[in-house]
Amino acid sequence: MDISGIHHCAIISSDYARSKHFYVDLLGLKIINETYRNERQSYKLDLSIGNGSQIELFSFPNPPSRPTRPEACGLRHLAFAVPDVDAAARELNEKGIDTEPIRIDAITDKPFTFFRDPDNLPLELYQG
């Protein structure tokens, strides 16, 4: 098997309009395609992360909540690579998005921080 990268990460939102605003208007991800699937009463929004990877943002009627704390088994978080964590965190803060204090990865010696999307999903900024 020759895996060349991550194609996409799928996220199901509880409030599609709010999540679309967060990922598009606040984080600045570009829309590739938006589709409404009538048979599923669901939107699918493909967003470009910028390096060929994508986020698929879905809406479904009445999705169940996902436990995030204590740390649940499964995907832990989605990390975005940024050239400057401090600058990116400041930009999020200026847009009203809280970030945790910036920490240094003890293994790589690189700065990182966490923040949350509208559904409280953990997202990370990682310098790289």
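Residues numbered from 1 in each chain as written. Predicted model: local features only at pLDDT ≥ 70, side-chain atom pairs only at ≥ 80, totals over all residues. Heavy atoms only, no water.

Caption draft 1: Structural view of the sheet that holds strand E4 (residues 54-59). Sheet architecture is open: 4 strands sit in the order E1-E4-E3-E2, paired in mixed fashion. A strand with exactly one partner marks an edge of an open sheet, and here the two such strands are strand E1 (8-13) and strand E2 (30-37). Along the sheet, successive strands turn relative to each other by an average axial angle of 20 degrees, direction set aside. Direction of pairing for E1 relative to E4: parallel, over a ladder of 6 bridges. What sits directly across from His8, in E4, is Gln54. Where helix H1 (residues 16-26) meets the sheet, its contacts fall on E1, E2, strand E3 (42-48) and E4, and the angle it forms with E4 comes to roughly 165 degrees. (Pairing = 2+ DSSP bridges. Helix = DSSP H or I, 4+ residues; strand = E, 2+ residues; numbered from the N terminus. Axes fitted to C-alpha atoms, helices over the stretch in contact; angles between N-to-C directions. Contact = heavy atoms within 4.5 Å.)

Caption draft 2: Structural detail: the sheet that holds strand E8 (residues 122-127). If you walk across this open sheet you meet the 4 strands as E5-E8-E7-E6, and the pairing is mixed. Among the strands making up the open sheet, the edge pair consists of strand E5 (78-82) and strand E6 (103-104). Across 5 bridges, the pairing between strand E7 (residues 111-116) and E8 is antiparallel. Looking across to E8, one finds that Phe115 is bridged to Leu123. The sheet contacts of helix H2 (residues 85-94) involve E5, E7 and E8, and relative to E8 the element is tilted by about 145 degrees.

Caption draft 3: View of the pattern of salt bridges. Inspection of every chain in the model, using the stated rule, returns 7 salt bridges. With a shortest N-O distance of 3.2 Å, Glu91 and Lys95 are connected by a salt bridge. Across the pair Arg103 and Glu100 runs a salt bridge, and its minimum N-O distance is 3.2 Å. Given the relative accessible area of 38%, Arg103 is considered partly exposed. With a relative accessible area of 31%, Glu100 lands in the partly exposed category. Within this structure, Lys44, Asp46 and Glu56 form a network of salt bridges that share partners. (Salt bridge = Lys/Arg side-chain N within 4 Å of Asp/Glu carboxyl O. Buried < 20%, exposed > 50% of the residue type's maximum accessible area, 1.4 Å probe, protein only.)

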